[in-house]
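# Residue-level structure breakdown
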Amino acid sequence: VIRFLLEKNPEMVGYMTSYPEAMSNLKNEFSNNSYDELSSTWDKLTNSSGLYNGILFLDDLNSTKLTDFELDKLMIILEKRLNSHMPFLITTNVAQEDFKATFGERIASRLLGYCELVEFEEVDKRAEEKSL
């Protein structure tokens, strides 16, 4: 999807990152009090400065239990983007029925209640390659 959008109009994509990279950057920014700086990861994820109006693409949301820090920041990001009608795409290997157990009730309710979920029935090519 993102490749298609980038080919059609690169300006449609406001920010792309992987979930692990985003959380690593956020932990660093919050520990250094640099999260409110222009072009920080926090700014890009929440569009606080208004510079990242395109689609946020957050790849590979963890299937492991999220830390309290991650739950808090992910909830704020989702709330900000949903309330401001800012588009986003999130990929995860977590099955829809496991959202509540993995992400907690509050995040699961936002993802299930306000988002269009697209489940792919095809086998993940990465998982297929590892088994060979």
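To keep things clear, this report deals only with the structure shown in the data block. Counting from 1, residues in each chain are numbered in the order their sequence is written. Whole-chain, interface and lining totals are the exception, using all residues; otherwise, since this is a predicted model, local features are given only for residues with pLDDT of at least 70 and side-chain atom pairs are given and counted only at 80 or more. Computation of side-chain values covers all heavy atoms of the structure but excludes hydrogens and water.

### Digging into helix H4 (residues 68–83)
Along its 16 residues, H4 runs 22 Å from first to last C-alpha, staying within 8% of the 22 Å computed at 1.5 Å per residue. Between buried and exposed lies partly exposed: a residue is buried under 20% and exposed over 50% of the maximum accessible area for its type, with that area taken using a 1.4 Å probe on protein chains only. Strands here are runs of E lasting at least two residues and helices are runs of H or I lasting at least four, both read from the DSSP assignment and numbered beginning at the N terminus. Within H4, burial applies to Glu-70, Lys-73, Leu-74, Met-75, Ile-77, Leu-78 and Arg-81. Contacts are assigned to residue pairs that have any heavy atoms within 4.5 Å of one another. Considering only its buried residues, H4 is in contact with helix H2 (19–31), helix H3 (41–46), strand S2 (55–61), strand S3 (88–92) and helix H6 (105–114). The positive-phi residue at the C-terminal boundary of H4 is His-85, with phi of around 55 degrees. Each helix should span, by expectation, one fewer than its residue count multiplied by 1.5 Å.

### Some details on H6
Residues Ile-107, Ala-108, Arg-110 and Leu-111 constitute the buried set of H6. All buried residues of H6 fall inside an arc of 160 degrees around its axis, so they share one side. Away from the buried face of H6 by more than 90 degrees, exposed residues Glu-105, Arg-106, Gly-113 and Tyr-114 are located. Of the surrounding secondary structure, the elements contacted by the buried residues of H6 are H4, S3 and helix H5 (99–103). It is the directions from the helix axis to the C-beta atoms that the arc portrays.

### Here's the deal with the sheet that holds S3
Here the rule is simple: two strands pair whenever DSSP picks up at least two bridges between them. The strand order across the open sheet built from three strands is S1-S2-S3, with neighbouring strands paired in parallel fashion. One side of each edge strand has no neighbouring strand; the edge strands of this open sheet are strand S1 (13–18) and S3. Pairwise comparison of adjacent strand axes, ignoring direction, gives a mean angle of 10 degrees for this sheet. Looking at chain direction, S1 and S2 are connected through five bridges and run parallel. Think of each axis as a best-fit line through the C-alpha atoms, taken over the contacting stretch in the case of a helix, with angles from 0 to 180 degrees between the N-to-C directions.

### Observations regarding the nonpolar core
To define a nonpolar core, start from buried Ala, Val, Leu, Ile, Met, Phe, Trp, Tyr and Cys residues and group those joined through side-chain atoms within 4.5 Å. Counting residues in hydrophobic clusters, the biggest one holds 22 residues, and the most contacted among them are Leu-45, Leu-74, Phe-103 and Ile-107. Mapped onto this core, the elements with two or more residues apiece are H2, H3, S2, H4, H5 and H6. Core analysis: the next-biggest nonpolar cluster, separate from the first, contains five residues, Leu-5, Val-13, Ile-55 and Phe-57 among them.

### Side note on the packing of H2 against H4
Packed helices, taken two at a time, are described by their axes: the angle between them and the distance between them. For the pair H2 and H4, the least separation of the axes is 11 Å and the interaxial angle reads 100 degrees. It follows that H2 is roughly perpendicular to H4 by the angle criterion. When H2 is examined against H4, the residues Tyr-19, Met-23, Leu-26, Lys-27 and Phe-30 are found in contact with a partner set consisting of Phe-69, Glu-70, Lys-73 and Ile-77. For this classification, under 35 degrees means roughly parallel, over 145 means roughly antiparallel, 65 to 115 means roughly perpendicular, and everything else is oblique.

### Some words on the pattern of salt bridges
Two side chains with opposite charge may pair up if their charged atoms get near one another. Salt bridges, as used here, are contacts in which a Lys or Arg side-chain nitrogen is within 4 Å of a carboxyl oxygen on Asp or Glu. Tallied over the entire structure, the rule returns three salt bridges. Between Lys-100 and Glu-105 there is a salt bridge, and its shortest N-O distance comes to 4.0 Å. Judged by relative accessible area, which is 51%, Lys-100 ranks as exposed. Its relative accessible area of 55% is what places Glu-105 among the exposed residues.

Remember, this is a structural readout, not a statement about activity or role.
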